[in-house]
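# An overview of the molecular structure
The chain contents come next:
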Amino acid sequence: MKRPLQALLLLLSGLGLLHATLVTDDYLRYVKQGMYPLLVASGALLLALGTAEAWSLWRPREKDERKAGTGTATDPGVGTVTAIGTGIRGDADTATGTHAGPDPHADADTDTTPDDHDHDHDHSTPPRVAWLLLLPALSLLFYAPPAIGAYTASREAPKAVAVTDQDDFDPLPKTSPLPITLTDFTRRVQQDRDRAIDGRTVVMTGFVTPDKGTSAGNGGSGGSGGDSRDDGTATWYLTRAIFSCCAADAQFVKVRVHGAPPPPADTWVTLTGTWHSSGTLGTSSAEAAVDADAVKKVPRPPNAYADALTPTR
């Protein structure tokens, strides 16, 4: 790859990272918030390296121009001495019967073929596929890839919640409706033998995911976008994605929703409802499901890739 292309790639990559972190919050689509300082530092480093590479390409030209300017200047005195010396040698050769000419052995030690000249620049041509390296950098500047969402979640099994000892379950607050995460709701439904969640109205926030095998584009009102139950109402999932590090290791927590038509896929909603009776509460046979009383569309929270309560403002 030619050095100008390398410098351009470094500059665009650095600008893209800084744009995704300092100007927007697009980086949260791909990594956890804790990676922010490292991304900013990486972007600044790439930008500095690209600037240094571009500066190193510009400076040799400036030096070459200076050398070219000084090389054309001649010293009149030196030229005169050289001319006189040449004339004297010519007269001496004439007097002695010798002829001043090229040394037949000179070419043996000196190779003047143009192919062996030293060059300070590269004549090679980079492969055309190398230009594709610019696309990821340009995408961060002009079109950031969309966040992971319903399309992937609908094709992934729900994340298994950790087993919790009965003694580790604290009494639930008396608040109603009760704000709770999808993980805590699932754990209470399937592991809490005291059945503290029974009859409690809860409020949870997540994005809409159609049932597995259903097109993510089919979500909408009118009962499409999910399996139909006995009452004719389609079901869907309230979902949260959890990043351990980045989008590559994302896992999903899902709660099935009954009694409300599915909003469009990937819509962020806050849902209020009660546990949907299915299986034996407090055992693994109980389904993590809810009968919806109200569904409200909300903006994507800043902690979208953690199963946490939405911070209040």
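Here is a short report on the structure shown in this document. (Residues numbered from 1 in each chain as written. Predicted model: local features only at pLDDT ≥ 70, side-chain atom pairs only at ≥ 80, totals over all residues. Heavy atoms only, no water.)

The next thing to look at is the packing of helix α1 (residues 3–23) against helix α5 (residues 134–142). With their axes 8 Å apart at the nearest point, α1 and α5 run at an angle of 30 degrees to one another. The angle between α1 and α5 places the two elements in the roughly parallel class. Crossing of α1 over α5 shows left-handed handedness. For the pair α1 and α5, the contacting residues are L5, L8, L9, L12, S13, L15, G16, L17 and H19 in the first and L134, A137, L138, L140 and L141 in the second. A breakdown of the residues in the contact of α1 with α5 according to their chemical character gives 11 nonpolar, 3 polar and no charged. (Axes fitted to C-alpha atoms, helices over the stretch in contact; angles between N-to-C directions. Helix = DSSP H or I, 4+ residues; strand = E, 2+ residues; numbered from the N terminus. Parallel < 35°, antiparallel > 145°, perpendicular 65-115°, else oblique. Left-handed = near helix turned anticlockwise from the far one by under 90°. Contact = heavy atoms within 4.5 Å. Nonpolar A, V, L, I, M, F, W, Y, C, P; charged D, E, K, R; others polar.)

A few words on helix α7 (residues 182–191). Of all 10 residues that make up α7, 8 are buried, and the element is covered over most of its length. Burial in α7 covers these residues: L182, T183, F185, T186, R187, R188, V189 and Q191. Buried-residue contacts for α7 involve β2 (202–209), β3 (236–242), β4 (251–258), β5 (268–275) and β6 (289–297). (Buried < 20%, exposed > 50% of the residue type's maximum accessible area, 1.4 Å probe, protein only.)

We now examine α1. In a regular helix each residue adds 1.5 Å, so 21 residues correspond to 30 Å; α1 covers 29 Å between its end C-alpha atoms and thus fits that length. The complete set of buried residues in α1 reads L5, A7, L9, L12, G14, G16, L17, L18, A20 and T21. (Expected span 1.5 Å × (residues − 1).)

Structurally, R187 can be placed in helix α7. Of the residues examined, R187 reaches a relative accessible area of 16% and is grouped as buried. If sequence neighbours within four positions are ignored, R187 has contacts with A162, T164, F169 and D192.

With that out of the way, let us pick up the packing of aromatic side chains. For the coordinates displayed, the defined rule picks out 3 aromatic pairs. On the basis of an interplanar angle of 50 degrees and a centroid distance of 5.5 Å, the ring pair of Y27 and Y36 is categorised as tilted. Residues F207 and W268 carry aromatic rings whose centres are separated by 5.5 Å and whose planes lie at 65 degrees to one another, so their mutual orientation is edge-to-face. Of this pair, F207 sits in strand β2 while W268 sits in strand β5, and the two are 61 residues apart along the sequence. Exposure remark for F207: the relative accessible area of 2% places this residue in the buried category. Taking the relative accessible area as the measure of exposure, W268 reaches 9% and is therefore buried. Against the face of Y151 rests R155, its NZ or CZ located 4.0 Å from the ring centre. Cation over ring: K254 sits above Y237, and NZ or CZ is 5.2 Å from the ring centre. (Phe/Tyr/Trp six-rings, centres within 6.5 Å; stacked < 30°, edge-to-face > 60°. Lys NZ or Arg CZ within 6 Å of the ring centre and 35° of its normal.)

Judged by nonpolar contacts, the single largest core of 24 residues is most densely connected at F185, I197, M204, W236 and L238. Those elements that place two or more of their residues in this core are α7, β2, β3, β4, β5 and β6. Contacts of M204, omitting those with residues within four sequence positions, involve I180, T181, L182, F185, L238, V255, V269, T270, L271 and V290. If you look at the next biggest cluster of nonpolar residues, it comprises 9 residues, including A153, A241, F243 and Y305. (Core = buried A, V, L, I, M, F, W, Y, C linked by side-chain atoms within 4.5 Å.)

The next point concerns a negative patch on the surface. A contiguous patch of negative charge, built from D165, D167, D168 and D170, is present on the exposed surface. Position of D168 relative to the elements: it lies in the loop between α6 (150–153) and β1 (178–179). (Patch = residues over 30% accessible without salt bridge, like charges linked within 9 Å, V, L, I, M, F, W, Y side chains within 5 Å. Areas by Shrake-Rupley, 256 points an atom, 1.4 Å probe, with all protein chains shown as cover. Salt bridge = Lys/Arg side-chain N within 4 Å of Asp/Glu carboxyl O. Lys, Arg positive; Asp, Glu negative; His and termini not counted. Charge placed at Lys NZ, Arg CZ, Asp CG, Glu CD.)

A complete count under the given rule lists 5 salt bridges for this structure. The salt bridge involving D25 is made with R300; its shortest N-O contact spans 4.0 Å. With D25 in the loop between α1 and α2 (36–71) and R300 in the segment after β6, this pair connects stretches of sequence that are 275 residues apart. Here R300 falls in the partly exposed class, since its relative accessible area comes to 34%. Between D184 and R187 there is a salt bridge whose closest N-O contact spans 2.9 Å. In this pair, D184 and R187 both sit in helix α7, 3 residues apart, roughly one turn of the helix. Overall, the relative accessible area of 35% leaves D184 in the partly exposed class.

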